[in-house]
Amino acid sequence: MGTSMLDRPEHCTLSRVVALATVCVVVVVCTYATSSPAGDVGKDQKYNIWRRRSPGFSPDDDLDVALRGAAYANRTLILTVLNEAYAEEDGLLDLFLRSMREGDGTAQLIDHVLFVAMDRQAFRRCRSLAGLRCYLLRQRDGDDLSSEQLYMSDGFIRMMWRRIRFLGDVLKHGYSFIFTDMDVMWLRNPFPKLDRGDGEDLLISSDKFNGEARDYVGNELNTGFFFVASNGRTAALFDEWHAARRASPGMKEQDVLNRMKRRGAFRRLGVRARVLDTARFSGFCQDSRDAAQVATVHANCCRTKRAKVADLRAVLRAAGQLNRTAAGMMRWPAHSECVRSWS
């Protein structure tokens, strides 16, 4: 009897290869689908900020490659910006990483942070640290922002506006993100505490919280920590925000955003915003009274890098003690160096 096509050894081998390839594809897809932080925020859709959004477009450029590498399956990631001064050894970059590695449920988030370097020195330091995703933001001719830029100096203001332009580009690439200053310590996974129950486009921190999360006009917004969803409304907001720089000489981007919201820009553009409670997203301007509930601590109301580093080290030491003692026995340390930095 002749050998049929199904009985041939070559066909059996090919069938096994096809079957194995199919299994591999299924495993990869399942792993990718479950790598979103949605599992961290629970099944309740009230707290699900991770609804998948249409990318709109996916240009084949260096930025898109970097964003894709850091983002979860739903095109959401974490962004932070550094220059050479922030990237110095034993400085803010190292403290930021220490907070994420030691925090409650934060270590697994590091792979989804894109570290945006404003100069080559910061980029090299970032690349020298294993496991970090680093992106070099191209410098404008002659615009060197590698040194420490003191609060409200000309260089500081330029750096803040350059950051806003970059974040607007990220939104146009179709990515939602948490932006965090590098002087924000991540003590706990903040995602479960980010409530987008009404589909807010913007969740943003404040210097002093008045107790009303929906009162974005009455609260003084702080741009050191916020979540923004990628859509037409937020892209238009960031475009208008950056364009307002021309009519705002000597103003930092945060002050311009606060002026825009008071003049009705959010309402006019249809941007839905909610202010984050300082009880969970704390800052040096207004400490949380319940340390056990704090997700992040921001060294706002602090002028120099040296002062930020000193007082944030104290915060991390206190956070370590909190893990070993009752929450009621623990107090945040005084931010004495930051207070002195203004004199």
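Quick caveat: nothing in here was measured; it's all calculated off a predicted structure.

Parameters at a glance
- Residues numbered from 1 in each chain as written.
- Predicted model: local features only at pLDDT ≥ 70, side-chain atom pairs only at ≥ 80, totals over all residues.
- Heavy atoms only, no water.
- pLDDT = per-residue confidence, 0-100.
- Contact = heavy atoms within 4.5 Å.
- Helix = DSSP H or I, 4+ residues; strand = E, 2+ residues; numbered from the N terminus.
- Expected span 1.5 Å × (residues − 1).
- Buried < 20%, exposed > 50% of the residue type's maximum accessible area, 1.4 Å probe, protein only.
- Disulfide = S-S within 2.5 Å.
- Lys, Arg positive; Asp, Glu negative; His and termini not counted.
- Salt bridge = Lys/Arg side-chain N within 4 Å of Asp/Glu carboxyl O.
- Polar contact = N/O pair within 3.5 Å; in protein donor to acceptor, adjacent residues only side chain to side chain.
- Pairing = 2+ DSSP bridges.
- Axes fitted to C-alpha atoms, helices over the stretch in contact; angles between N-to-C directions.

### What to know about the confidence of the model for the chain
Here is step 1: Mean pLDDT over the chain works out to 84, with 78% of the residues at or above the 70 mark.
Here is step 2: Predicted confidence for residues 1-14 stays below pLDDT 50, and this span has four contacts to residues more than four positions away or in other chains.

### Quick word on helix 7 (residues 154-172)
Here is step 1: Taking 1.5 Å as the rise per residue, helix 7 with 19 residues should run 27 Å; its terminal C-alpha atoms sit 28 Å apart, in good agreement.
Here is step 2: Most of helix 7 is tucked away, with 14 of its 19 residues classed as buried.
Here is step 3: A positive backbone phi angle near 90° is found at G174, which sits one or two residues after helix 7.

### Examining the state of the cysteines
Here is step 1: For the coordinates displayed, the defined rule picks out three disulfides.
Here is step 2: Across a sulfur-sulfur distance of 2.0 Å, C126 and C134 are joined as a disulfide pair. Disulfide C126 to C134: torsion about the S-S bond roughly -85°, handedness left-handed. Across this residue pair, the class does not change: C126 and C134 are buried.
Here is step 3: Across the disulfide from C285 sits C301; the S-S distance is 1.7 Å. Classification of the bridge connecting C285 and C301 rests on its S-S torsion, roughly 100°, and on that basis the disulfide is right-handed. Of this pair, C285 sits in the loop between strand 9 (281-283) and strand 10 (296-298) while C301 sits in the loop between strand 10 and helix 11 (305-322), and the two are 16 residues apart along the sequence.
Here is step 4: By sequence-ordered numbering of the bonded cysteines, the chain has its disulfides arranged as 1-2, 3-4, 5-6.

### Observations regarding the side chain of D119
Here is step 1: The topology assignment puts D119 in the loop between strand 2 (113-117) and helix 6 (120-128).
Here is step 2: Nearest to the buried, unbridged D119 among oppositely charged side chains is R124, at 7.1 Å.
Here is step 3: From its side chain, D119 meets the backbone nitrogen of A122 in a polar contact 2.8 Å long.

### Some words on the sheet that holds strand 10
Here is step 1: Within the open sheet, the three strands sit side by side as 5-10-9. Their pairing is mixed. Looking along the sheet, the strands with just one partner apiece sit at the ends: strand 5 (184-186) and strand 9. For this sheet, the mean inter-axis angle between neighbouring strands, taken without regard to orientation, is 20°.
Here is step 2: Looking at chain direction, strand 5 and strand 10 are connected through three bridges and run antiparallel. Each residue of the ladder has a partner; that of M185, found in strand 10, is V297.

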